[in-house]
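Listed below, chain by chain, are the residues.
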Amino acid sequence: MTKLLNLSAKICLHKAKALAELKRYEDALRSVKKSLENLNPRDQEFIEARSLQTLVADCLAEEYFVLGGQLYFKKDYQASIQYLSDAIRLKPTLAAAYEVRGASHYELKNHQQALNDVTQALQINPQLESAYFIRGKLNSENKNYQAAIQDFTQILQINPNHAQSYRCRSHAWDYLGNHQEAIKDCTQFLTLQPDCVEGYLYRAVLFESTGNLQRSIDDYTQALALDSNLYPAYSLRGDIYARLEKYQAAIQDYNQSIRLDPEDIKGYEKRGYCQKELEHYREAIEDFSQALRRDSELVDIYHLRAQCHQELRDYQEAIRDFTQVIRRRPSYYRAYLGRGAAYAFSNNMESAASDLGIAARLCQLQGDTEGYQQVMNIVNFLAGSRR
């Protein structure tokens, strides 16, 4: 009986070799496992079978790994994880399988499993760029920015031309408040990818945060050279021109942003503000009215439009807009102050006195001594003009 079993085992071993030659690794693995059940551990065939088992398991693991990788690129992440898990079961030292399985877990937002897998991959092979990159992104998402910086730095030591690592490390520096390092990394990213519009937009924001407004303008201009229909770049560059009190240049940019997005309320608001600063009150009123047609609850816009009406001596329209402000923000003393002045200029002194009195009381209640003094100056001025 023992001889028959031994003979059967040798036949299974021979069959396993043949199946392995045909690259039918699953069948080969089953046959070699069956042969090992009945071979004598002291026999040469047993040693040969164990060696074949290892070889076949490694080949099958590689096959599963390839299938798992293909499924990953097809975005079938769950199936990818199954094949990669089989690969790891057969060959626990296959670092790339941990790496891709970690990537699949990351796409499925299984962040802890992803972190475990890429960390395991790096313990086996510390040269895996993608594993560092996934872990760096996970650390960033977990607000562990210093660890993220270390991971992206590891990639750049392996591959100094890994553009996305500069980009992601730039974001991590930014979150830590180190804007200068963020700018350096973003600049390296743009050196490697000079046609990336988003890179110029991001660096423009970084330059603005450091007070370098001209460099910020330059980056928005470069972004627009790459994409002339880039609405945010016009709007943001316009904001910087407005900060620099270059209102005409700001208006030109807001014209473009409104052209590209006619329903953008902020575009009308900001262009109206610039028109007001240039004393183009009618144009400002039109822009504020456009904003209010799209959102009738914009308290500050009513107030700005009221001021423009007042400058044009259209006191009734100013009173209407100040009233809209008061209805929505009854504790805002400046609205009573403005309406009180409009009433006074309309020779409605009784209503003017009432509004100015309310403004004074609100300032006192709110502890605003400067505002109270401003109100009283107007009251005294009106009292003097009446005498």
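Residues numbered from 1 in each chain as written. Predicted model: local features only at pLDDT ≥ 70, side-chain atom pairs only at ≥ 80, totals over all residues. Heavy atoms only, no water.

Caption draft 1: Broad picture of the overall build of the protein. Check the secondary structure of the protein and you find 21 helices and zero strands. Of all 387 residues assigned to the protein, the portion counted as buried reaches 45%. A fraction of 45% describes how many contacts in the protein between residues 6 or more apart in sequence connect residues 24 or more apart. Total accessible area computed for the protein in this model is approximately 20800 Å², and 48% of it derives from carbon and sulfur atoms. (Helix = DSSP H or I, 4+ residues; strand = E, 2+ residues; numbered from the N terminus. Buried < 20%, exposed > 50% of the residue type's maximum accessible area, 1.4 Å probe, protein only. Contact = heavy atoms within 4.5 Å. Areas by Shrake-Rupley, 256 points an atom, 1.4 Å probe, with all protein chains shown as cover.)

Caption draft 2: Molecular detail of unusual backbone geometry. Phi is positive for Lys75, close to 65°, though the residue is something other than glycine. Structurally, Lys75 is set in the loop between α3 (44–73) and α4 (77–90). Under the relative-accessibility criterion, Lys75 is labelled exposed at 63%.

Caption draft 3: Inspection of the nonpolar core at higher detail. Core analysis: the largest hydrophobic core is formed by 36 residues, its most contacted members being Leu201, Leu230 and Cys274. Contributing elements (two or more residues each) for this core: α8 (145–158), α9 (163–175), α10 (179–192), α11 (197–209), α12 (213–226), α13 (231–243) and α14 (247–260). Here this core gets seven residues from one element, more than from any other, and that element is α11. The next biggest cluster of nonpolar side chains, apart from the first, holds 35 residues, and it includes Tyr302, Ile319, Tyr333 and Ala352. (Core = buried A, V, L, I, M, F, W, Y, C linked by side-chain atoms within 4.5 Å.)

Caption draft 4: Structural context of the side chain of Arg271. With respect to the helices and strands, Arg271 occurs in helix α15 (residues 265–277). Exposure remark for Arg271: the relative accessible area of 16% places this residue in the buried category. Here Asn255 takes part through its side chain, which lies 2.7 Å from a polar atom of the side chain of Arg271. Apart from residues no more than four positions distant in its own chain, Arg271 is found in contact with Ile251, Tyr254, Asn255, Ile258 and Asp287. (Polar contact = N/O pair within 3.5 Å; in protein donor to acceptor, adjacent residues only side chain to side chain.)

Caption draft 5: Examining helix α16 (residues 281–294) more closely. Under the 1.5 Å per step criterion, the end-to-end length of α16 is 20 Å for 14 residues, consistent within 8% with the ideal 20 Å. Among the residues of α16, those classed as buried are Tyr281, Ala284, Ile285, Asp287, Phe288, Ser289, Gln290, Ala291 and Leu292. Packing partners of the buried residues in α16 comprise α15 and α17 (299–311). (Expected span 1.5 Å × (residues − 1).)

Caption draft 6: Up close: the packing of α14 against α15. The N-to-C vectors of α14 and α15 enclose an angle of 155°; their axes lie 9 Å apart at closest approach. By the angle class used here, α14 and α15 are roughly antiparallel. The hand of the α14/α15 crossing is left-handed. In contact with Tyr247, Ala250, Ile251, Tyr254, Asn255 and Ile258 of α14, α15 contributes Gly267, Tyr268, Lys270, Arg271, Tyr273, Cys274, Gln275 and Glu277. When its residues are assigned to classes, the contact of α14 with α15 shows eight nonpolar, three polar and three charged. (Axes fitted to C-alpha atoms, helices over the stretch in contact; angles between N-to-C directions. Parallel < 35°, antiparallel > 145°, perpendicular 65-115°, else oblique. Left-handed = near helix turned anticlockwise from the far one by under 90°. Nonpolar A, V, L, I, M, F, W, Y, C, P; charged D, E, K, R; others polar.)

Caption draft 7: Focus on the environment of Tyr343. Looking at the secondary structure, you find Tyr343 in helix α19 (residues 333–345). The class for Tyr343 is buried, based on a relative accessible area of 17%. Sequence-wise, Tyr343 and Ser354 are 11 residues apart; in three dimensions their C-alpha atoms are separated by 9.9 Å. Not counting residues up to four positions away in its chain, the partners in contact with Tyr343 are Ile319, Asn348, Ser351, Ala352 and Asp355.

Caption draft 8: Region of the structure containing the pattern of salt bridges. For the coordinates displayed, the defined rule picks out 19 salt bridges. Of the charged contacts in the structure, one is a salt bridge between Lys270 and Asp239, with a shortest N-O distance of 3.0 Å. With Lys270 in helix α15 and Asp239 in helix α13, this pair connects stretches of sequence that are 31 residues apart. Looking at Asp239, the relative accessible area reads 24%, which means it is partly exposed. Taking the shortest distance from any N to any O, the salt bridge between Glu317 and Arg320 comes out at 2.6 Å. (Salt bridge = Lys/Arg side-chain N within 4 Å of Asp/Glu carboxyl O.)

Caption draft 9: A look at helix α5 (residues 95–107). Between the first and last C-alpha of α5 there are 19 Å, a value that for 13 residues agrees with the 18 Å anticipated at 1.5 Å per step. Most of α5 sits out of view: 11 of its 13 residues are buried. Of all the residues in α5, the buried ones are Ala95, Ala97, Tyr98, Glu99, Val100, Arg101, Gly102, Ala103, Ser104, His105 and Tyr106. Of the residues trailing α5, Lys109 is marked for its positive phi of about 65°.

Caption draft 10: Summary view of the side chain of His303. Here His303 is to be found in helix α17. Its relative accessible area of 9% is what places His303 among the buried residues. Ignoring any residue separated from it by four or fewer positions in sequence, one finds His303 in contact with Phe322, Val325, Tyr332, Arg334 and Ala335.

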